[in-house]
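If you want the building blocks of each chain, they are given just below.
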Amino acid sequence: MSKPYKVCGGLQDNNSWCGPSASTNVRGITNEDWYTVAGGDGFYAQIDPEEPWIVYAESQDGNLVRRDLRTHEARSIRPREEDDKMHRFRFQWNSPVLLSRHDRKTLYYGGNFVFKSTDQGDNWKRISPDLTSGVDRKTLSIMGRKIEDRTILSRNDGVAAFPTITTLCESPTRAGILWAGTDDGNLKVTRDGETWKSVVENIPGVPKGTYVSRVLASAFDPATAYVAFDGHRSDDFNIYLFKTTDFGESWKAIAKGIQKNQGTLHIIREHPRNRDLLFAGGEFGLYCSFDRGEDWQELKNNLPRVPVDDIAIHPRENDLIVATHGRSVWILDSIYSLEQMNAKTADSALQAFDVRPATMWRMARTRDFESHDLFIGPNPPHGAIIDFWTKAKPDLKDVKISILDPAGKAIASIKPSTLEAGVNRVSWNMRVDRLAPPTPQEEAAAARLAAAGGEPPVTGGPLVDPGDYTVEISVASNKVSKKFRVEEDPRITWFSSADRAKRRDAINQLADMTKQAAGLRKTFTAADSSLTSLQNSWKRPDAPKVPDNIQQMAESLKKTLDDMRPLFSGRNFFEPPSPEERKAELSKPEPEFVLPPLMQRVSALIQALETFAAAPSESQLQQIALAKTAITDAGRNIDKLRDEVARFNDAMNAAKVPFVSVP
C-alpha cells in the first residue's frame, strides 16, 4: 500500500524480487529499482499491509523466509518436524503461502498439511490432517509401465515431493473458512479452521487426480468459491473452471468463451468491489468475464498471448497486475472502465468512468549513464487517466474534452489524435492550457527531441494546485462528466498553504507575462518575415528597380530587427549555424553573453518555481521583476518598430513600391 506500490514475485531459478509499480525517474523503472527478497527458485511472496518492509517469500521444497527490508535481514520460518523420527513434511516446488485478511500476523502455509502461525511464522501449528492421498509415487506407473528405481536416471527430477498442497485460500468474509487443493486432485474445505471435508467428488467432468491449479474464495459470500484444474501433466489440455455457491456441495462449469485445448488455466481472480468481474489466466493469455463467469472474452491490449501465472488487483489504484512467464510483470493501469462496465453502459452512446486521484509526482533524472544490461520499463501515464465509452466511432471534430477547476472554469483541453468505438483512454498532465499556444517551430523542435530519445519539453501551461477537478466530455450532442482529485506528491509534507499561495501568485504573474511576450514576438515575427520576403522579391531577375533610398531604409529596418532578434528567438541547436554566422562568431575574441529570449526566460522561471515545493526566493522574485522590466522595455521597442515601419511604408507608398504591415 505504499505510493507507488511495490510488486513482489518469483523468477524460476532466479530468486524472488520486489520492485516499484512506478518510479519518479523520468526515464521509467530501471533494473536497479528491483531487489531480491529470497533466493532459489522464486515463487509466492506476501507483503505485510501495515509494515510493508516485512516480506514473506518462498522458494523450492518449502523454504520460507521473513525478510525485514529495513536491514535486509531474513529469518527462515519453514515449518519444522516436531522430532527426528517422524516423516518429513512434503512441500510443492511452489508451496502456497497466505497472509490472513483477518489478522496480518497470521500466516497459512501449504505442504501436505495446512500450517498456521499467529506470530509471523516464528511458530507453526498443523490445522489439518494430510490433505493429499498420501500415495507413494514409487508405486505409480509412468506412461503405463511400472518402473524400478535402478532403471531410472532421474525419476523425480523437478518435483521434490509428491503429493502436496498446490493452492490455498482463506475466505475474506469469514475467518476460519479455508480451501486447499493438491497436485493429486484433492479439493477440501473447512468452515471452522479444523474440520476438513472433501468436495472434489461433487465436481463433474474432471478426471480423477487432476492437478488443482487455483482455488479462490469469494470476497462477497462465504459459501462461494472458484476452482481451476490443470491436466496438462496427463496430456489433458481441457479447460476446467468451476464455481460453487454452497461450500462445494455442488459446482457449475463456467468456462464458456475460453478456447478449449489451447493450454490450461492457472489462475482465477475476482475484482474486490465488483463480484461480476472476474479474470482468468492460462497458458495462452488473459481472459475476463463481466457476468460472474457465464461468458469470457480474451483481454489483450498490448499483452501478448503468453502464459499468465498469477493476477492481482490493487485495491487503491485499481490496477490489474499480471504475472507472466516470459513477459515479466504487466500492469493495466486504472481498470475502472472494466469494473464499471455493464449492459447499460454498453448500450449508451457516451459514458465516462471514475477517474482515480492523480498524483503530482516530482519527477527527476537520477542517473544519466547505465551499463550494457540496462532495461527500462515505462512509467504509468503521468497525471489523470481518463477512460470513457463511445458506442460508435466518433468524428474527432465532434469531440470536446475539457478540464474544469474547482470553481467550474474550463482551464485545459485534451485533443486526442484518434478515438474508436468502445473504451477510449486519454490523460491530462495536470497543466492548464498555455495562454500563448506553441509556435510551429516549438512543436517541430519538440518532435525532433522526442525522435532523438530526449525528454519531451513542457508544451502546456503551468501546473495546477492540488484540489478537486472535473473532466467534461462532449461527443456531438452527448455530454458526460466526472469529478476527480489531484493530490500532492506524498513525500512532500512541508509545503504550507501560505507558501503555496505565494508560489501560485508568482506563477500567475509569469503566465500573464508569457501572454505579453507572445504578443510582442508575434508582432516582431510578422515584421521580420514581411521584410525578408520583400527584400527577397527585389532580388528576382524580373523585379522592378527599387529606389536607393527605399533600399537604404530597408537595410536600416533590418538592422533594427536584427538588434531586437535576441529578445524573441534563439538559435535552433538542431541546425548548425550558417557559414556566415559561424564566420561572425569566430571573428569575435570571445562569445558574447546574450540573455535568453523573453518567452524562454519567463518559461524557465515558471519551471524553476513549479519544480520546487517552496515559496519563491528573494532572488527569484528579483528575476521575475527583471523579466517584467525586460518585457516592458521590449514593448517600447516594438512601439518604435511600428513607427519605423510606418515611415518605411510611407516612403514606399510615395515611390509606389508595395509595403508591409505590422499587427
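All of these numbers come straight from a predicted model, not from anything done at the bench.

Quick look at the packing of aromatic side chains
In step 1: On inspection of all chains with the given rule, the structure shows 11 aromatic pairs.
In step 2: On the basis of an interplanar angle of 40 degrees and a centroid distance of 6.1 Å, the ring pair of Tyr109 and Trp124 is categorised as tilted. In this pair, Tyr109 is assigned in strand β10 (residues 107–110) and Trp124 in the loop between β11 (114–117) and β12 (125–126), connecting sequence segments 15 residues apart.
In step 3: With relative accessibility at 0%, the residue Tyr109 sits in the buried group.
In step 4: Considering the side-chain rings of Phe524 and Phe568, the 5.0 Å spacing of their centres and the 25 degrees angle between planes classify their relative orientation as stacked. Of this pair, Phe524 sits in helix α4 (residues 497–538) while Phe568 sits in helix α5 (residues 548–568), and the two are 44 residues apart along the sequence. The residues Phe524 and Phe568 share a single accessibility class, namely buried.
In step 5: Aromatic ring contacts, followed pair by pair, group Phe89, Phe91, Tyr109, Phe113, Phe115 and Trp124 into a single cluster.
In step 6: The cationic tip of Arg191 hangs over the ring face of Phe247; the distance from NZ or CZ to the ring centre is 3.9 Å.

Observations regarding the nonpolar core
In step 1: With 38 residues, the main nonpolar core has Leu510, Trp538, Phe568, Leu641 and Phe648 as its most contacted residues.
In step 2: Counting residues per element, the ones that place at least two in this core are α4, α5, α7 (598–610) and α8 (618–654).
In step 3: Here this core gets 12 residues from one element, more than from any other, and that element is α4.
In step 4: For Leu510, the contacting residues outside a window of four places in its chain are Val602, Leu605, Ile606, Leu609 and Ile624.

Considerations on the sheet that holds strand β20 (residues 252–253)
In step 1: An order of β17-β18-β19-β20 is seen for the 4 strands of this open sheet, with the pairing classed as antiparallel. Bordering the open sheet on either side are β17 (211–217) and β20, each of which pairs with just one other strand.
In step 2: Sheet analysis places strand β18 (residues 225–230) next to strand β19 (residues 240–244), joined by 5 bridges and oriented antiparallel. When the bridges of β19 are listed, Ala225 appears paired with Thr244.

Criteria and cut-off values
- Residues numbered from 1 in each chain as written.
- Predicted model: local features only at pLDDT ≥ 70, side-chain atom pairs only at ≥ 80, totals over all residues.
- Heavy atoms only, no water.
- Phe/Tyr/Trp six-rings, centres within 6.5 Å; stacked < 30°, edge-to-face > 60°.
- Helix = DSSP H or I, 4+ residues; strand = E, 2+ residues; numbered from the N terminus.
- Buried < 20%, exposed > 50% of the residue type's maximum accessible area, 1.4 Å probe, protein only.
- Lys NZ or Arg CZ within 6 Å of the ring centre and 35° of its normal.
- Core = buried A, V, L, I, M, F, W, Y, C linked by side-chain atoms within 4.5 Å.
- Contact = heavy atoms within 4.5 Å.
- Pairing = 2+ DSSP bridges.

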